[in-house]
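# Chain and residue survey
Residues per chain are reported as follows:
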Amino acid sequence: QVQLVESGGGLVQPGGSLRLSCAASRSIFGIYAIGWYRQAPGKQRELVSGITSDGTTNYADSVKGRFTISRDNAKSTVYLQMDNLKPEDAAVYYCHAKRVYNKAGLESNYWGQGTQVTVSS
């Protein structure tokens, strides 16, 4: 059974930092791309950052220069280091794993349960 378990959310003041962790099942970690999404109340879920199995990363424009995604293969864990947090970063953050099998669009997707990030003074 595939599992994605997030941790590290919490309450932080503007300008502060948090590090989110996503522990993934070993069966997918070296194969799937792992990403972090977030969803604020009343808003659509959006991609924050992602990292492929070969380490290629991408970031939403809104977090570039403030967030850093990384992976620890030995621990099957992906991290999202969030610095200089702003009130607009507050949301539930979800870990997502995706594998695309072919150009026809066959893919597998898995989601974690989410972790709350609150940015407030």
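Keep in mind the model is a prediction, meaning the values are calculated, not measured. (Residues numbered from 1 in each chain as written. Predicted model: local features only at pLDDT ≥ 70, side-chain atom pairs only at ≥ 80, totals over all residues. Heavy atoms only, no water.)

Further remarks concern the environment of Lys-98. Looking at the secondary structure, you find Lys-98 in strand β9 (residues 91-100). In this structure Lys-98 comes out as partly exposed when scored by relative accessible area, which is 32%. Considering only alpha carbons, one finds Lys-98 and Val-78, 20 residues apart in sequence, at a separation of 13 Å. Excluding anything up to four places from it in sequence, Lys-98 contacts Tyr-32, Ala-33, Glu-107, Ser-108 and Asn-109. (Helix = DSSP H or I, 4+ residues; strand = E, 2+ residues; numbered from the N terminus. Buried < 20%, exposed > 50% of the residue type's maximum accessible area, 1.4 Å probe, protein only. Contact = heavy atoms within 4.5 Å.)

Burial along strand β11 (residues 115-119) is one-sided: the residues Thr-115, Val-117 and Val-119 are buried and none of Gln-116 and Thr-118 is. Sheet topology note: the strand β2 (residues 10-12)/β11 ladder contains 3 bridges and is parallel. Along β11, the bridge assignment pairs Val-12 with Val-119. Direction of pairing for β9 relative to β11: antiparallel, over a ladder of 3 bridges. Residue Val-92 lies in a different strand from β11, and its bridge partner there is Gln-116. (Pairing = 2+ DSSP bridges.)

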